[in-house]
Amino acid sequence: MTDPLVARMRPFGTTIFAEMSALAVRTGAVNLGQGFPDTDGPKEMLDAAAEAIHNGANQYPPGPGIPALRAAIGAHQQRFWGLDYDPDGEVLVTAGATEAVAATILALCEPGDEVVCFEPYYDSYAAAIALAGAVRRPVTLRPDAGGHYAVDPDELRGAFGPRTRMVLLNSPHNPTGKVFTRAELALVAELCQAHDVYAVTDEVYEHLVFTDAATPHVPLATLPGMRERTLRISSAGKTFSCTGWKIGWASGPRELVSAVLRVKQFLTFVNGSPFQPAIAIALGLPDDYFSEFRAGLQAQRDLLVAGLRDAGFGVLLPEGTYFVTADITPLGGTDGVEFCRSLPERSGVVAVPTQVFYDHEDAGRRLVRFAFCKRPAVLNEAVARLRKN
Ligand SMILES: *Cc1c(COP(=O)(O)O)cnc(C)c1O
């Protein structure tokens, strides 16, 4: 029999996370490959979910999400970013940010339309673009003289053309930890308006920009002329350490949200009934929750970055997210995939190669990603193992 899989999905094998996590289990290595926290989120949120299950929130919720959660999503964006979205019609609850991204691309892209994105890119983007029959146009993020990953303005300009339908922007950025600067966002905004295209922003790390970052987080939708053409996506998983709950959302102008809902209703219809009221509670937690959460991750970042530098990796300090990207060149490494396949046996630690998140693989060949969203004891153990080599 020939491969039953449709041609457009054949380039997508099992994800590198599955391979590396299996390797971690087999070798007993510390798994800093996959980006999920090893502690639970706030107690108020956990209690609210348990209570919701016992109080009957176990059937299909409304298609766009329960009103209390949509109201909380609206209020949260107003509180932190001064963005005003009507919970009735401008906010849609989804099965994680992943579904929001997929439904958006499927809703807005005709086959052959182009999506400008930035590489390394989050792995689900490429698959969602392929499912839609659309074409990705990645712009490569490269280290600049100041020690930050940066966008080349000419490369970005050159990526836009007559078939461009949208730009897909992830900031704070996984896996580099880059926070897009105001100047970079202004150029994205200018190009979106000049070419009359949509912007889709993945802001799942909106609360994880560290205090020493060169730029604060600026949602693209807050720039002049952008609210009306931007669909802003976020999720509870990263901010409230509940990645398995898969509660995400999209906010934007009514016509865009309604288009995404049209597709979303046939993907999952709805999800996470008892988790929705719990996330509504979490979004309303006092500012202290968000600043303490960030401070904890920043300390974990510092611990891991110091350890990686001691072990000889080349490291650019990430300004946000759960991740640090490290260069293996100073250790004599030439290929991240090879390096990561042997690292568990050699050092007892798992990382993921970032070249799999590039179209221009050479740009990422010597880069590997470590996650620091783990308890300090786990990071200390990983660092001790890496230092031995
Ligand atoms: C984790 C992550 C997601 C997925 O979010 P879910 O809510 O779990 O679907 C999307 N984008 C980026 C950049 C991520 O790191």
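Please refer to the structure higher up on the page.
Everything numeric here is computed off the predicted structure, so don't read it as measured data. (Residues numbered from 1 in each chain as written. Predicted model: local features only at pLDDT ≥ 70, side-chain atom pairs only at ≥ 80, totals over all residues. Heavy atoms only, no water.)

Draft legend 1. Quick peek at helix α12 (residues 336-347). All buried positions along α12 are accounted for by G336, V337, F339, C340, L343, P344 and S347. One face of α12 carries all of its buried residues, which in axial projection span an arc of 160°. For α12, exposure combined with an orientation more than 90 degrees from the buried face picks out E338 and E345. Close packing links the buried residues of α12 with α1 (16-27), β13 (349-350), β14 (352-353), β15 (367-371) and α14 (376-387). The distance from a side-chain oxygen at the start of α12 to the backbone nitrogen of V337 is 3.1 Å, and the residue carrying that oxygen is D335. Looking one or two residues past α12, G348 carries a phi angle of roughly 75°, positive in sign. (Buried < 20%, exposed > 50% of the residue type's maximum accessible area, 1.4 Å probe, protein only. Helix = DSSP H or I, 4+ residues; strand = E, 2+ residues; numbered from the N terminus. Arc of directions from axis to C-beta. Contact = heavy atoms within 4.5 Å. Polar contact = N/O pair within 3.5 Å; in protein donor to acceptor, adjacent residues only side chain to side chain.)

Draft legend 2. The site of the ligand, seen in detail. In the vicinity of the ligand, the contacting residues are G96, A97, T98, Y122, N170, N174, D202, V204, Y205, S235, K238 and K246. Separating an oxygen atom of the ligand from a side-chain N or O atom of S235 is a distance of 2.6 Å. Alone, the ligand offers 380 Å² of accessible surface; in the complex the protein occludes 94% of this. By residue number, the principal contributor to the shell around the ligand is helix α4 (residues 96-108), which donates three residues. In terms of residue class, the shell around the ligand is made up of four nonpolar, five polar and three charged. (Near = heavy atom within 4 Å. Areas by Shrake-Rupley, 256 points an atom, 1.4 Å probe, with all protein chains shown as cover. Nonpolar A, V, L, I, M, F, W, Y, C, P; charged D, E, K, R; others polar.)

Draft legend 3. Quick look at the pattern of salt bridges. Scanning the model with the defined rule gives 25 salt bridges in all. Residue D38 pairs with R375 through a salt bridge whose shortest N-O separation is 3.4 Å. Placement of D38 in the loop between β1 (30-31) and α2 (43-54) and of R375 in the loop between β15 and α14 is noted, with a sequence separation of 337 residues between them. For R229, the salt bridge identified is with D196, shortest N-O distance 3.1 Å. Placement of R229 in the loop between β8 (198-202) and β9 (230-235) and of D196 in the loop between α7 (182-194) and β8 is noted, with a sequence separation of 33 residues between them. Taking the relative accessible area as the measure of exposure, R229 reaches 15% and is therefore buried. When salt bridges that share partners are traced, they join D335, E361, D362 and R365 into one network. (Salt bridge = Lys/Arg side-chain N within 4 Å of Asp/Glu carboxyl O.)

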